[in-house]
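# Residue-level structural notes
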Amino acid sequence: MYELKDQEGNVKNNSGKKHPRNAPQDAGRRKLMASAIGAGVAATSGKALAQTADPIITDVQDWNRYLGDGVDARPYGAPSPFEKQVMRRDVSWLTADPKSSVNFTPLHELDGIITPNGLCFERHHGGIAEIDPANQRLMINGLVDTPLVFTMEDLQRFPRENHVYFLECAANTGMEWRGAQLNGCQYTHGMVHNVMYTGVPLKYLLEEAGVRIKGKWLLPEGADPSHMTRSIPLQKGLEDCLVAFKMNGEALRPEQGYPLRLVVPGWEGNMWVKWLRRIEVGDQPWHQREETSKYTDLLEDGTARRFTWTMDVKSVITNPSPQAPIRHGRGQMVATGLAWSGHGKVKRVDVSVDGGRNWQHARLDGPSLSKSVHRFYYDFNWDGQPMMLQSRAIDEFGQVQPTKQQLRKARGVNSIYHNNSIQTWLVGNDGSVENVEIS
Ligand code: MTE
Ligand code: CO
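So, here's what we can say about the structure. (Residues numbered from 1 in each chain as written. Chains lettered and ligands numbered in written order. Predicted model: local features only at pLDDT ≥ 70, side-chain atom pairs only at ≥ 80, totals over all residues. Heavy atoms only, no water.)

## A look at empty space enclosed by the protein
Applying the stated criterion across every chain, the model contains five cavities of 30 Å³ or more. Contributing to the lining of the largest cavity are 20 residues, with R123, R261, G269, W272 and K274 lying nearest its centre. What the second largest cavity holds in volume is close to 100 Å³. Lining the second largest cavity are 14 residues, with L107, L110, I113, T115 and L338 positioned closest to its centre. Top element by residues in the lining of the second largest cavity is strand β8 (residues 192–201). It accounts for three residues. Across the lining of the second largest cavity, the residue classes tally to seven nonpolar, five polar and two charged. Here the lining of the second largest cavity spans two domains, since at least three of its residues come from each of domain 2 (102–305) and domain 3 (314–436). (1 Å grid on protein atoms, 1.4 Å probe; cavity = no way out; pocket = protein on both sides within 12 Å on 5 of 7 lines; lining within 4 Å. Points joined across faces, edges and corners; volume = space filled by probe spheres on them. Helix = DSSP H or I, 4+ residues; strand = E, 2+ residues; numbered from the N terminus. Nonpolar A, V, L, I, M, F, W, Y, C, P; charged D, E, K, R; others polar. Domains from an automatic or database assignment.)

The structure is reproduced here in structure tokens:
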């Protein structure tokens with residue numbers, strides 16, 4: 001118990017006080033309380049807590065003194081103005097025209113596993129289609145008994161499900177194939193987001209239309225000017241694809257395909273057709289642009305690696321990283337990052353501080369869901385010496401994230417897509433962080 005004194009120095013009992021927070025004489029009380037707390041801390045703890053009286057806690061501040069906004073000020077909430085730096089960013093030399101480009105999720109500013117809707121990276125080939133849900137239609141045609149056209153109301157009469165899945169563009173980390181290039185995990189790894197989707201299993205809609213015996217492939221098509229189309233094996237469509245209309249509980253954002261998108265769990269983001277308007281059933285793949293000239297990798301022997309759908313096991317340390325250096329000096333610290341696998345769950349993440357010579361187990365925390373990102377933490381004591389920080393993920397099927405050298409050996413250096421190699425961050429003794437690679 002601390003004694004409370006008023007400005008005259010009289011001891012008070014504050015239990016009967018009506019509005020102690022806004023009373024000007026409170027300043028004296030707060031100072032006294034804080035100095036008492038400060039003394040207690042100094043006696044009991046040698047940790048990183050303040051040892052001397054701090055005016056931010058001892059003095060009355062504006063936010064203590066003046067009334068704030070009312071409940072009528074923010075009908076749709078937005079982040080604090082102090083979080084202005086938390087935003088999607090693009091890379092200017094990758095953005096010849098913003099209507100056919102990409103921006104990146106600020107992974108180093110986030111924690112947990114869910115990506116907030118306004119921060120999910122965007123990749124569109126013909127700008128954001130603006131579709132009134134009243135004008136939204138989804139057609140299923142081709143090798144079906146009954147071609148069907150669904151409205152949004154129709155879709156919401158089918159049993160719906162909720163699932164958390166990551167979406168990773170196959171080109172994520174693509175700029176790093178030939179060497180360390182972009183200085184920030186937002187840019188090297190930010191073409192991934194992780195969202196809870198609400199939608200109808202595609203299986204139900206296909207059953208309603210009745211897929212003919214010869215039907216083996218699906219061709220989802222977007223309503224945007226790019227007419228995004230990809231061939232997907234029917235088997236995948238029946239297994240776990242969703243026709244989704246909600247993300248993290250609210251309607252899809254226009255950037256993410258409002259009002260309807262296809263969810264293709266664990267498979268490359270390009271197949272997750274946004275502004276979904278049609279799914280054709282066929283007996284063979286269509287060989288569209290996005291599965292021939294794009295999303296195909298040229299190997300060293302001149303052959304093309306095609307139809308590489310699953311996103312392999314991958315991880316990255318998000319903090320510290322070039323945009324999020326260590327500011328607190330040596331001693332107790334937390335490194336954190338994300339790990340994911342398009343095959344299923346992540347079983348283990350290892351962290352190295354010496355460029356992969358020695359590995360320690362990181363601590364996985366939060367939900368461990370199939371085809372979702374996993375959060376890991378590595379709690380350790382930094383000795384203040386330079387580090388070569390790496391993380392390495394292993395999925396439930398024993399797939400191990402490869403080194404850059406291993407990946408190049410298998411795929412050469414002409415590839416763009418499916419770079420899931422181990423990332424190295426060089427941490428200087430001043431806490432600054434740089435994207436490097438170990439030769
Ligand atoms: N769907 C349509 N209709 N048009 C597009 O341009 N881009 C694709 C895919 N679906 C695209 C699309 C690509 S390449 C990716 S990586 C993902 O959407 C990106 O999804 P996001 O914008 O929600 O991050
Ligand atoms: Co993509």
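## Quick look at the packing of aromatic side chains
According to the stated counting rule, one finds 10 aromatic pairs in the structure shown. Taken together, a centroid distance of 6.1 Å and an interplanar angle of 65 degrees make the contact between W217 and W309 edge-to-face. One end of the pair, W217, is in strand β9 (residues 217–222); the other, W309, is in the loop between β16 (304–305) and β17 (314–319), with 92 residues separating them in the sequence. Like W309, W217 is buried. By the ring-pair criterion, three or more aromatic residues cluster together here, those being W217, W267, F307 and W309. For R306, the ring lying beneath its charged end belongs to F307, and the centroid distance is 4.7 Å. Stacked on the ring of W359, the Lys or Arg R392 has its end atom at 4.2 Å from the ring centre. (Phe/Tyr/Trp six-rings, centres within 6.5 Å; stacked < 30°, edge-to-face > 60°. Buried < 20%, exposed > 50% of the residue type's maximum accessible area, 1.4 Å probe, protein only. Lys NZ or Arg CZ within 6 Å of the ring centre and 35° of its normal.)

## Concerning the site of ligand 1
Inspection of the region around ligand 1 gives 22 residues, with F121, H125, D224, R261 and K274 positioned closest. The separation between an oxygen atom of ligand 1 and a polar main-chain atom of R123 is 3.0 Å. Here H193 contributes a side-chain N or O atom positioned 2.9 Å from an oxygen atom of ligand 1. In isolation ligand 1 exposes 530 Å². Once the protein is present, 100% of that is buried. At a threshold of 2 Å from the grid points, most atoms of ligand 1 map onto the largest cavity. Taken together, the residues of the shell around ligand 1 break down into eight nonpolar, eight polar and six charged. (Near = heavy atom within 4 Å. Polar contact = N/O pair within 3.5 Å; in protein donor to acceptor, adjacent residues only side chain to side chain. Areas by Shrake-Rupley, 256 points an atom, 1.4 Å probe, with all protein chains shown as cover. Sits in = over half its atoms within 2 Å of the grid points.)

## A short note on unusual backbone geometry
Of note, the amide linkage connecting Y258 to P259 takes the cis form, showing an omega dihedral of 5 degrees. If you trace the backbone, P259 turns up in the loop between β12 (250–251) and β13 (261–263). Residue N319 is joined to P320 through a cis peptide bond whose omega torsion reads 0 degrees. Position of P320 relative to the elements: it lies in the loop between β17 and β18 (331–340). For N248, which is not a glycine, the phi torsion comes out positive at approximately 50 degrees. Looking at the secondary structure, you find N248 in the loop between β11 (242–247) and β12.

## Considerations on the sheet that holds strand β25 (residues 433–436)
Ordered in space as β20-β19-β23-β24-β25, the five strands form an open sheet in which the pairing is antiparallel. Of all strands in the sheet, those with a lone pairing partner are β20 (360–361) and β25, marking the two edges. Where strand β19 (residues 346–352) meets strand β23 (residues 387–395), six bridges bridge the pair, whose relative direction is antiparallel. Of the residues in β23, the one forming a bridge with V351 is S391. (Pairing = 2+ DSSP bridges.)

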